[in-house]
Amino acid sequence: MYYPGSVYVDMSDIVPPEVRPKPAVPAKPPNVGVPSPSSPFAPQVPGIGGSGGSAPPPSAIPVPIGSHGASHVGSHALGHGVGHGVGHTAAHTAAHGGGHGHSGSHASTGGSTLLGYIGIDTIIEQMRKKTMKTGFDFNIMVVGHSGLGKSTLMNTLFKSQVSRRSAGWARDDKIPKTVELKSVSHVIEEGGVKMKLTVVDTPGFGDQINNDNCWEPISKYINEQYEKFLKEEVNITRKKRIPDTRMHCCLYFISPTGHSLRQLDLEFMKRLSHSVNIIPIIAKADTMTIEERQEFKQRVRKELEMSGIEFYPQKEFDDDMEDKSDNDKIREMMPFAVVGSDKEYQVNGKRVLGRKTAWGIVEVENPNHCEFAQLRDFLIRSHLQDLKEVTHNIHYETYRAKRLNENGGLHPISSNDTQESNL
């Protein structure tokens, strides 16, 4: 009954939400609409809150690369289309139920289904091309008594005349009274890759009657290279590519006495092990028998451990279990017992590098004769890049932090000094 002044309400229009009939969604619409380029979602279903058109099935909806999959987008669009036509409550339920429901295949594959090739793996080729264009630096220092074959081993390692002898150093030259450092640089190219190799020799080390503090010139030289690099870094206008003269490796030659290390050997490695990567090697290993060599190697490792001397590769620098396993094998083999020679001989129809003796030829690259091949593979073929990274991230950073903490930090170089350094 209608009374004047009152609001007429048709009770037939009030239906509880729980008993409202759900709109019927056809399993396959008769007409599959093509979404417009300007809209990433499909058109809405007619009569359910849309403005016309038909909603495509989930399988017909294009999915951009990196999306959650066709089922996700289709259910999300369908949920929103139903929600707008029925009401807020149904829309909330349908949108969330359809929008966040992932398909079974998507969950089982863990989201790893890509629709095309991206090309991430080409970064290796990009780095290779860039390295081949610019090249890279590698600086190595050799320390030991005169006559241990330091220059010969360098020529053998890099199969070229890279020792100080190629720079005009004659055999008849007198041994200097103090430790002098001789630096020789060469550019070596192999397989299109260029490497600027710098070999620093230390003639006069340990050759004097009084060898007190004979390691100080070497330590000073190593720190000077760190200082050069640091000054270039703190310049306001610095070079695009800072020349790297830092020592990446120091080969310390141990005399093949077969007894024990000298106090000079222990003192040098103890003082410089925190400034440079030290690799101890036993020179002229062909002067000892196999049994003497093994006993001497074990004795050297024990003395280094008792003295608290850490040589490269250090245990605390192992990144993962694979590196630890590989480096443990190397540490068990060190110090490498090596033989160097830049002379070739004919052995079984092959030209080999070796040393000729009265009882035969000692082949340098034969693992049964010496450990030169293991040293070369370790130094150049497997750990060369790691030597450079440890030098930069550990030894140089230690020097840099210490230097910047002194006197409140290192002040930038003046403009005049900058111009001189760039010349």
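A.B. asks: I tried to follow the pairing of strand β8 (residues 350-357) on my own but got confused; where do I start?
C.D. replies: The pairing of strand β7 (residues 344-347) with β8 spans 4 bridges and is antiparallel. Residue pairing across strands places glutamate 344 opposite leucine 353, the latter belonging to β8. Here β7 hands over to β8 after 2 residues, with asparagine 348 in that stretch at a positive phi of 55 degrees. Looking at chain direction, β8 and strand β9 (residues 360-363) are connected through 4 bridges and run antiparallel. Residue pairing across strands places arginine 355 opposite valine 362, the latter belonging to β9. The turn joining β8 and β9, which pair antiparallel and follow one another in sequence, is formed by 2 residues.

A.B. asks: Explain the environment of phenylalanine 136 here, please?
C.D. replies: Mapping phenylalanine 136 onto the fold places it in strand β1 (residues 136-143). Considered as a pair, phenylalanine 136 and valine 187 are 51 residues apart in the sequence and their alpha carbons are 9.8 Å apart. Other than its neighbours up to four places away in sequence, phenylalanine 136 contacts Thr131, Val193, Lys194, Met195, Lys196, Arg241 and Leu384.

A.B. asks: Can you walk me through the nonpolar core in this structure?
C.D. replies: Most often, soluble globular proteins keep nonpolar side chains buried together rather than apart. Counting residues in hydrophobic clusters, the biggest one holds 72 residues, and the most contacted among them are Leu251, Phe268 and Ile279. Leave out the neighbours within four places in its chain, and phenylalanine 268 touches Val143, Phe205, Trp215, Ile218, Cys250 and Tyr252.

A.B. asks: I would appreciate a short explanation of the sheet that holds strand β3 (residues 193-201) in the present structure.
C.D. replies: Whenever strands of a sheet pair, they do so through backbone hydrogen bonds, lying parallel or antiparallel. Reading across the sheet, the 6 strands line up as β2-β3-β1-β4-β5-β6 and stay open at both edges, with mixed pairing between neighbours. Single-partner strands in this sheet number two, and they are β2 (182-190) and β6 (336-337). Bridge count for β1 against β3 is 7 bridges, and the pairing is parallel. Following the sheet pairing, phenylalanine 138 is matched in β3 by leucine 197.

A.B. asks: Can you help me understand unusual backbone geometry in this one?
C.D. replies: For residues other than glycine, phi is negative in most cases, and the peptide bonds are mostly trans. Cis geometry marks the peptide bond from tyrosine 312 to proline 313; its omega dihedral reads 0 degrees. Considering the arrangement of structural elements, one finds proline 313 in the loop between α8 (290-306) and α9 (321-333). Residue proline 335 is reached from methionine 334 by a cis peptide bond, and omega for that bond is 0 degrees. Backbone geometry places lysine 159, a non-glycine residue, at a positive phi of 50 degrees.

A.B. asks: It is not clear to me how the sheet that holds β7 should be interpreted in this structure. Could you clarify?
C.D. replies: The 3 strands are arranged β7-β8-β9 in an open sheet whose pairing can be described as antiparallel. If you trace the sheet from one side to the other, it starts and ends with β7 and β9, each paired once. Between one strand axis and the next, the sheet turns by 70 degrees as a mean value, whatever way the strands run.

A.B. asks: Before we go on, may I ask you to explain the confidence of the model for the protein chain in this structure?
C.D. replies: Keep in mind that low pLDDT regions are not for reading the predicted coordinates in detail. Confidence in the prediction for the protein chain averages 76 pLDDT; 65% of positions are at 70 or higher. Considering only residues more than four positions removed or in separate chains, one finds that residues 58-108, a stretch of pLDDT under 50, has 51 contacts. Ignoring residues within four places in sequence, the model shows residues 418-423, a span with pLDDT below 50, making 9 contacts including any to other chains.

A.B. asks: What exactly am I supposed to notice about the packing of helix α5 (residues 150-158) against helix α10 (residues 372-382) here?
C.D. replies: Two measures define how a pair of helices packs: the angle their axes make with one another and the distance between the axes. Relative orientation of the contacting elements α5 and α10 amounts to 70 degrees, with a least axis distance of 11 Å. As summarised for this structure, α5 and α10 are arranged roughly perpendicular, according to the angle between their axes. The handedness of the crossing between α5 and α10 is right-handed. From α5, Leu153, Thr156, Leu157 and Phe158 reach across to α10, where they touch Phe372, Leu375, Arg376, Leu379 and Ile380.

A.B. asks: How should α9 be read in this particular structure?
C.D. replies: Three or four residues apart is the spacing at which side chains of an α-helix point the same way, because the helix has 3.6 residues per turn. In this model, α9 (13 residues) spans 19 Å end to end at C-alpha, consistent with the 18 Å of a helix rising 1.5 Å per residue. Listed as buried for α9 are Asn327, Ile330 and Arg331. One side of α9 holds all its buried residues, which, seen down the axis, span an arc of 100 degrees. More than 90 degrees from the buried face of α9, the exposed residues found are Met321, Glu322, Lys329 and Glu332.

A.B. asks: Teacher, can you tell me more about the pattern of salt bridges here?
C.D. replies: Note on pairing: side chains with opposite charge can pair once their charged atoms come close. What the rule picks out here adds up to 20 salt bridges. Salt-bridge contacts for glutamate 180 lead to lysine 182; the nearest nitrogen and oxygen are separated by 3.8 Å. The partly exposed category is assigned to lysine 182, whose relative accessible area is 30%. Lysine 297 is the partner of glutamate 371 in a salt bridge, and the nearest nitrogen-oxygen pair spans 3.1 Å. Of this pair, glutamate 371 sits in the loop between β9 and α10 while lysine 297 sits in helix α8; the two residues are 74 residues apart in sequence, bridging distant segments of the chain.

A.B. asks: I tried to follow the state of the cysteines on my own but got confused; where do I start?
C.D. replies: Two cysteines joined by a covalent bond between their sulfur atoms form a disulfide. Across all of its chains, the model carries 0 disulfides by this definition. A disulfide-free cysteine, cysteine 250 has its sulfur positioned 7.0 Å from the sulfur of cysteine 249, the nearest such atom.

A.B. asks: I tried to follow the packing of aromatic side chains on my own but got confused; where do I start?
C.D. replies: Between two aromatic rings, the relevant description is the distance of the centres plus the angle of the planes. As enumerated under the stated definition, the model contains 8 aromatic pairs in all. On the numbers, 5.6 Å between centres and 40 degrees between planes, the contact of tyrosine 226 with tyrosine 399 is tilted. Of the two residues, tyrosine 226 sits in helix α6 (residues 216-234) while tyrosine 399 sits in helix α11 (residues 384-405), which places them 173 residues apart along the sequence. This pair shows no difference in class: tyrosine 226 is buried, exactly as tyrosine 399 is. Measuring from ring centre to ring centre gives 5.9 Å for tyrosine 312 and phenylalanine 378, while their planes differ by 35 degrees; the resulting arrangement is tilted. On the criterion of sequence distance, the pair formed by tyrosine 312 in the loop between α8 and α9 and phenylalanine 378 in helix α10 is long-range, its members being 66 residues apart.

A.B. asks: Quick question: what am I supposed to make of the side chain of threonine 391 here?
C.D. replies: Of note, threonine 391 is situated in helix α11. Overall, the relative accessible area of 0% leaves threonine 391 in the buried class. A distance of 3.5 Å separates a polar side-chain atom of threonine 391 from the backbone oxygen of histidine 248. For threonine 391, the contacting residues outside a window of four places in its chain are Tyr226, Arg246, Met247, His248, Asn277 and Tyr396.

What counts and how
- Residues numbered from 1 in each chain as written.
- Predicted model: local features only at pLDDT ≥ 70, side-chain atom pairs only at ≥ 80, totals over all residues.
- Heavy atoms only, no water.
- Pairing = 2+ DSSP bridges.
- Helix = DSSP H or I, 4+ residues; strand = E, 2+ residues; numbered from the N terminus.
- Contact = heavy atoms within 4.5 Å.
- Core = buried A, V, L, I, M, F, W, Y, C linked by side-chain atoms within 4.5 Å.
- Buried < 20%, exposed > 50% of the residue type's maximum accessible area, 1.4 Å probe, protein only.
- Axes fitted to C-alpha atoms, helices over the stretch in contact; angles between N-to-C directions.
- pLDDT = per-residue confidence, 0-100.
- Parallel < 35°, antiparallel > 145°, perpendicular 65-115°, else oblique.
- Left-handed = near helix turned anticlockwise from the far one by under 90°.
- Expected span 1.5 Å × (residues − 1).
- Arc of directions from axis to C-beta.
- Salt bridge = Lys/Arg side-chain N within 4 Å of Asp/Glu carboxyl O.
- Disulfide = S-S within 2.5 Å.
- Phe/Tyr/Trp six-rings, centres within 6.5 Å; stacked < 30°, edge-to-face > 60°.
- Polar contact = N/O pair within 3.5 Å; in protein donor to acceptor, adjacent residues only side chain to side chain.

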